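Residues per chain, in single letters:
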Amino acid sequence: MINIVLFGKPGAGKGTQAEFLKEKYNLTHLSTGDIFRFNLKNDTDLGKKARVFMDNGELVPCEVTTAMLIDEVNKHPDTAGFLFDGYPRTLDQAEALDKFLPTIGSSVTATIALEADDEILVARLLERGKTSGRVDDQDEEKIRVRYQEYNEKTAPLIGYYKEQNKFHAVNGIGTIEEITQRLTSVIDNL
Ligand SMILES: Nc1ncnc2c1ncn2[C@@H]1O[C@H](COP(=O)(O)OP(=O)(O)O)[C@@H](O)[C@H]1O
């Protein structure tokens, strides 16, 4: 089983690249953002718990997110592997994943970061907000909160995975195809 964590700031292009990678490597794509948005739209109990946090650009509490993620993983017992997109986003979540995966005989294979400068990413998000209907993409203040969340809570994961020799980074600026190429060359060399 191969488990890839796609890592990057909001707007870095994780979702776009995940679409290609999941096909190429036959992986199950789990985007916590997408799963939350599905629950918001359908007004489920989970959606009700997550809404305030998401609308404000804040992280949803760890217990809620991790329980949801484990549920999703357990729905795919026969998969060739997972492409985690948007999880883990905190040290607690990374530790929870490292505790959980061995219970299904697995582990994180590698973390790959898509790197890009903040100004480029903020511009991308505002552009996406014009058509995506995502409340958190339409307001610079909320975008700023997401970057603050990233810097405080998610950035420390870089060191966490480096210590395990599982951290790889690729340049996230270029055409979609160029970036897919960079990611596949990392994965093919794992
Ligand atoms: N692992 C997570 N932990 C906590 N909250 C999360 C997580 N993944 C997604 N969320 C919530 O969903 C929102 C949108 O997620 P996502 O689409 O991945 O955002 P972005 O485009 O900012 O990377 C986040 O701002 C957060 O509120």
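Residues numbered from 1 in each chain as written. Predicted model: local features only at pLDDT ≥ 70, side-chain atom pairs only at ≥ 80, totals over all residues. Heavy atoms only, no water.

(A) Main features of the sheet that holds strand β4 (residues 110-115). Judged by pairing direction, the sheet is parallel, and its 5 strands sit side by side in the order β2-β3-β1-β4-β5 without closing on themselves. Two strands close off the open sheet at either side, each with one partner strand: β2 (28-31) and β5 (167-171). With strand direction ignored, the average angle separating the axes of adjacent strands in the sheet is 20 degrees. Where strand β1 (residues 2-8) and strand β3 (residues 81-85) come together, 5 bridges link them in parallel fashion. Note that in β3 the partner of Asn3 across the bridge is Phe82. Sheet strands touched by helix α2 (residues 32-41): β2 and β3. Its angle to β2, the strand with the most contacts, is close to 65 degrees. (Pairing = 2+ DSSP bridges. Helix = DSSP H or I, 4+ residues; strand = E, 2+ residues; numbered from the N terminus. Axes fitted to C-alpha atoms, helices over the stretch in contact; angles between N-to-C directions. Contact = heavy atoms within 4.5 Å.)

(B) Spatial organisation of the UniProt feature "binding site: AMP" (unreviewed entry) in the protein chain. As annotated in UniProt, the feature "binding site: AMP" (unreviewed entry) corresponds to Thr32, Arg37, Glu58, Leu59, Val60, Gly86, Tyr87, Pro88, Arg89, Gln93, Arg134 and Arg146 in the numbering used here. Sequence-wise these annotated residues cover 115 residues; spatially they are dispersed, their C-alpha atoms as much as 24.3 Å apart. When you line up the elements, Glu58 lands in the loop between α3 (45-56) and α4 (62-74). The contacts of Glu58, once residues within four sequence positions are left out, are Phe53, Val145 and Glu149. (UniProt positions renumbered as here; feature names shortened; annotations may be inferred.)

(C) Fine view of helix α7 (residues 140-154). With 15 residues, α7 ought to run about 21 Å at 1.5 Å a step, and its terminal C-alpha atoms sit 20 Å apart, in line with that. Regarding α7, the residues found buried are Lys142, Ile143, Arg146, Tyr147, Glu149, Tyr150 and Thr154. Mapping the buried residues of α7 onto a view down its axis gives an arc of 155 degrees, with all of them on the same face. In α7, the exposed positions angled more than 90 degrees off the buried face are occupied by Glu140 and Glu152. (Expected span 1.5 Å × (residues − 1). Buried < 20%, exposed > 50% of the residue type's maximum accessible area, 1.4 Å probe, protein only. Arc of directions from axis to C-beta.)

(D) Looking closely at the side chain of Asp85. Within the secondary structure, Asp85 sits in strand β3. This buried residue, Asp85, is left without a salt bridge; Lys14 holds the nearest opposite charge, at 5.0 Å. Among the polar contacts made by the side chain of Asp85, one reaches the side chain of His29 at a distance of 2.9 Å. When neighbours within four sequence positions are excluded, Asp85 is seen to be in contact with Leu6, Lys14, Gly15, Ala18, His29, Leu30, Ser31 and Thr32. (Lys, Arg positive; Asp, Glu negative; His and termini not counted. Salt bridge = Lys/Arg side-chain N within 4 Å of Asp/Glu carboxyl O. Polar contact = N/O pair within 3.5 Å; in protein donor to acceptor, adjacent residues only side chain to side chain.)

(E) Structural view of the packing of α2 against α4. Their axes nearest at 11 Å, the elements α2 and α4 cross at an angle of 100 degrees. Classified by the angle between their axes, α2 and α4 sit roughly perpendicular to one another. Contact residues: Thr32, Ile35 and Phe36 in α2; Val64, Thr65, Met68, Leu69 and Glu72 in α4. Tallied by class, residues from the contact of α2 with α4 come to 5 nonpolar, 2 polar and 1 charged. (Parallel < 35°, antiparallel > 145°, perpendicular 65-115°, else oblique. Nonpolar A, V, L, I, M, F, W, Y, C, P; charged D, E, K, R; others polar.)

(F) Region of the structure containing the nonpolar core. Grouped together as the largest cluster of nonpolar side chains are 19 residues, with contacts concentrated most on Leu69, Val73, Phe84, Leu97 and Tyr161. Every element with two or more residues in this core is listed here: β1, α4, β3, α5 (91-100) and α8 (156-163). Not counting residues up to four positions away in its chain, the partners in contact with Leu97 are Val5, Leu69, Phe84, Tyr87, Pro88, Pro102 and Val108. (Core = buried A, V, L, I, M, F, W, Y, C linked by side-chain atoms within 4.5 Å.)

(G) Geometry of helix α6 (residues 118-132). Over its 15 residues, α6 runs 20 Å from end to end, which matches the ideal 21 Å to within 8%, given 1.5 Å per residue. Buried residues along α6 sit in contact with α7. Remark: Gly133 follows α6 within two positions and exhibits a positive phi of approximately 75 degrees.

(H) Structural detail: unusual backbone geometry. The peptide bond linking Tyr87 to Pro88 adopts the cis configuration, its omega dihedral lying at 0 degrees. Take Pro88: it is sitting in the loop between β3 and α5. The phi dihedral of Asn26 falls on the positive side, at around 60 degrees, and the residue is not glycine. With phi around 50 degrees, Asp43 is a residue other than glycine that occupies positive phi space. Along the chain, the position of Asp43 falls in the loop between α2 and α3.

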